[in-house]
Amino acid sequence: MRKRQKLKSLYIMKNYFSKLSVKLEKEMTKISNSNQSEIQKCETQKLLIFEHYQELRKFSSSYQFKSEQEEIEYFKHLKPQILSVGGL
């Protein structure tokens with residue numbers, strides 16, 4: 001039963017990050033395809049990535065990891081996926 005709860009929690013966290021990743025990619029593509037100058041695009045994308053970074057910080061400070069495995073998954077795999085989009 002306990003293992004099932006851990007897996008469910010891990011699924012919820014991965015699902016959250018999947019949605020966040022898809023949202024970020026769509027917004028980045030929309031900005032890339034806009035009529036802004038390249039400098040404006042970069043600035044807009046930088047602000048967007050920073051917003052997502054703030055959302056990650058808020059998530060990690062309020063979320064109670066259910067296991068060490070879940071915490072490792074977050075810091076080693078999920079968080080870097082979001083941050084690597086903008087090179088933060």
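Criteria and thresholds
- Residues numbered from 1 in each chain as written.
- Predicted model: local features only at pLDDT ≥ 70, side-chain atom pairs only at ≥ 80, totals over all residues.
- Heavy atoms only, no water.
- Helix = DSSP H or I, 4+ residues; strand = E, 2+ residues; numbered from the N terminus.
- Buried < 20%, exposed > 50% of the residue type's maximum accessible area, 1.4 Å probe, protein only.
- Polar contact = N/O pair within 3.5 Å; in protein donor to acceptor, adjacent residues only side chain to side chain.
- Expected span 1.5 Å × (residues − 1).
- Salt bridge = Lys/Arg side-chain N within 4 Å of Asp/Glu carboxyl O.
- Core = buried A, V, L, I, M, F, W, Y, C linked by side-chain atoms within 4.5 Å.
- Bend = angle between axes of the 7 residues up to and from the residue.

Here's the deal with the side chain of serine 67
- Summarising the element assignment, serine 67 is placed in the loop between α2 (38–62) and α3 (68–84).
- For serine 67, a relative accessible area of 17% translates into the label buried.
- A polar atom in the side chain of serine 67 sits 3.0 Å from the backbone nitrogen of glutamate 70.

Examining α2
- When the terminal C-alpha atoms of α2 are compared, their 36 Å separation across 25 residues agrees well with the 36 Å that a helix rising 1.5 Å per residue should span.
- Among the residues of α2, those classed as buried are Lys41, Gln45, Leu48, Ile49, His52, Leu56 and Phe59.

Quick look at the pattern of salt bridges
- In this structure the tally under the stated criterion is 3 salt bridges.
- Close ionic contact of lysine 41 with glutamate 38 constitutes a salt bridge, the shortest N to O distance being 3.3 Å. Placement of both lysine 41 and glutamate 38 in helix α2 is noted, with a separation of 3 residues, approximately one turn of the helix.

What about the nonpolar core?
- Core analysis: the largest hydrophobic core is formed by 17 residues, its most contacted members being Met13, Phe17, Leu24, Leu56, Phe59, Tyr74 and Ile82.
- For this core, the secondary-structure elements that each account for two or more residues are α1 (2–32), α2 and α3.
- For this core, the leading source of residues is α1, giving 7 residues.

A few points about α3
- Its 17 residues place the ends of α3 23 Å apart at the C-alpha level, agreeing with the 24 Å of an ideal helix rising 1.5 Å per residue.
- Maximal helix bending in α3 amounts to about 40°, located at tyrosine 74.
- By the burial criterion, the buried members of α3 are Glu70, Glu73, Tyr74, Leu78, Lys79, Ile82 and Leu83.

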